[in-house]
Amino acid sequence: EQAPAVSAHVGLASAPQEAPAGGCEMDLYQSFKAGAARWYNQRATRLAMFHELTTVLTHFDTVFDSCPPAALTALLLKLESIYFDDDQRFYDLLDIYLKHEHRAVS
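The model shown is predicted, which means the values in this text are computed figures rather than measured ones.

## Some points on unusual backbone geometry
Thinking step 1. Despite not being glycine, R43 shows a phi value in the positive range, around 55 degrees.
Thinking step 2. Within the secondary structure, R43 is located in the loop between α1 (27–42) and α2 (47–58).

Structure (structure tokens):
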């Protein structure tokens, strides 16, 4: 059985073709990276990181094409947040994470 796709379209007409959402240097991704690092290193967060997380997950495929580390980190945070809640949803998201992680490193 195939896991559900995570996808969305974002209209970013001014972004370069090779990085549909602007690349990892975008402020959104840099801010999200700092927030995720703060969470993993200090178990501290800020409300803005949750908004960034939602944005990255909502536009997962576009973000993955532009900045795989941001997309994968967001998916990992989501996986961790539902680990004890819903078995099937966790495994569906884990399948998506592993497929994209393998695609990113190959």
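Here the narrative resumes.
## Structural notes on the packing of aromatic side chains
Thinking step 1. With the rule as written, the count across this model stands at 4 aromatic pairs.
Thinking step 2. Measuring from centroid to centroid gives 4.7 Å for Y83 and F84, while their planes differ by 85 degrees, and the two rings are edge-to-face.
Thinking step 3. Judged by centre distance (5.2 Å) and plane angle (85 degrees), the ring pair of F90 and Y91 falls under edge-to-face.
Thinking step 4. Residue classification places F90 among the buried positions, given a relative accessible area of 11%.
Thinking step 5. Here a set of aromatic residues connected by ring pairs shows up, and it is made of Y83, F84, F90 and Y91.
Thinking step 6. Looking at R43, its charged tip hangs above the ring of W39, at a distance of 5.0 Å from the centre.

## Quick notes on the state of the cysteines
Thinking step 1. This structure, assessed with the given rule, holds 1 disulfide.
Thinking step 2. Disulfide pairing is shown between C24 and C67; the S-S distance is 2.0 Å. On the sign convention where negative means left-handed, the S-S torsion of about 105 degrees between C24 and C67 marks this disulfide as right-handed. Residue C24 is located in the segment before α1, and its partner C67 is located in the loop between α3 (60–66) and α4 (68–82); the two are separated by 43 residues in the primary sequence.
Thinking step 3. By relative accessible area, C67 is classed as buried at 3%.

Parameters and conventions
- Residues numbered from 1 in each chain as written.
- Predicted model: local features only at pLDDT ≥ 70, side-chain atom pairs only at ≥ 80, totals over all residues.
- Heavy atoms only, no water.
- Helix = DSSP H or I, 4+ residues; strand = E, 2+ residues; numbered from the N terminus.
- Phe/Tyr/Trp six-rings, centres within 6.5 Å; stacked < 30°, edge-to-face > 60°.
- Buried < 20%, exposed > 50% of the residue type's maximum accessible area, 1.4 Å probe, protein only.
- Lys NZ or Arg CZ within 6 Å of the ring centre and 35° of its normal.
- Disulfide = S-S within 2.5 Å.

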